[in-house]
Amino acid sequence: MLGSTEHVQAVLDDVATAPIPEAERALFAFVEKLNDAPGDVRREDVEHLKAAGWSDEAVYDAVSVCALFNFYNRWIDGTGVQGMAPEMYEKSAKRMAAGGYLPGPPARGPPPPSSSGDGEPER
C-alpha cells in the first residue's frame, strides 16, 4: 500500500471492497473485530486467519500492534496530547517508509562529565 494514497483510502473507506488480497481482507476484518468487540474474538477467528495463510507469529504481531495502538490512543486522549498538522503527518510517513520506526544514529559528542571524580556515573 506504500506509495498509493488511493489504495490506503479504499481500505479505510471499506475493507470489504478494497482492492487487496483476501488474506489482507481477513486480517483487517480480524483487527476491526478486535477493536470493536474484543470480548467476541474466538479461536475460530484465529483459525480463519491461519486458513487465509497467516502464521501464528503474524497473528500475534497483529494483536500486539492493535493492542499497542489502542493503548497509545487512550494515553493520548487521557493526557490531552494534540495531533500534528496534516503536512507533518505526511513528512513523518515518508520518514517512516524510508527508515521504519528505528531512531536515527545517536548524536556524537563528548561523554558527560562525572561529578564524583572517581570515574563512576552519578547515581
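Structure: see above.
J.: Residues and numbers for the side chain of R25, please.
T.: Position of R25 relative to the elements: it lies in helix α2 (residues 22-36). Taking the relative accessible area as the measure of exposure, R25 reaches 17% and is therefore buried.

J.: Go over the packing of α2 against helix α4 (residues 56-79), please, and point to the residues and values.
T.: At their nearest, the axes of α2 and α4 sit 10 Å apart, and the two run at 40° to each other. Considered as vectors, α2 and α4 are oriented oblique to each other. Seen from above, α2 lies across α4 with right-handed handedness. Between α2 and α4, the residues in contact are L27, F30, V31, L34 and N35 and A62, V63, C66 and N70, respectively. Looking at the contact of α2 with α4, its residues break down into seven nonpolar, two polar and no charged.

J.: Which residues make up the packing of aromatic side chains, and what values do they have?
T.: The final tally for this structure, using the stated rule, is two aromatic pairs. Residues F69 and Y72 carry aromatic rings whose centres are separated by 6.2 Å and whose planes lie at 85° to one another, so their mutual orientation is edge-to-face. Highlighted residues: F69 and Y72, both in helix α4, separated by three residues, approximately one helical turn. A relative accessible area of 43% places F69 in the partly exposed class. Grouped by ring-pair contacts, the aromatic residues F69, F71 and Y72 constitute a single cluster.

Calculation notes
Residues numbered from 1 in each chain as written. Predicted model: local features only at pLDDT ≥ 70, side-chain atom pairs only at ≥ 80, totals over all residues. Heavy atoms only, no water. Helix = DSSP H or I, 4+ residues; strand = E, 2+ residues; numbered from the N terminus. Buried < 20%, exposed > 50% of the residue type's maximum accessible area, 1.4 Å probe, protein only. Axes fitted to C-alpha atoms, helices over the stretch in contact; angles between N-to-C directions. Parallel < 35°, antiparallel > 145°, perpendicular 65-115°, else oblique. Left-handed = near helix turned anticlockwise from the far one by under 90°. Contact = heavy atoms within 4.5 Å. Nonpolar A, V, L, I, M, F, W, Y, C, P; charged D, E, K, R; others polar. Phe/Tyr/Trp six-rings, centres within 6.5 Å; stacked < 30°, edge-to-face > 60°.

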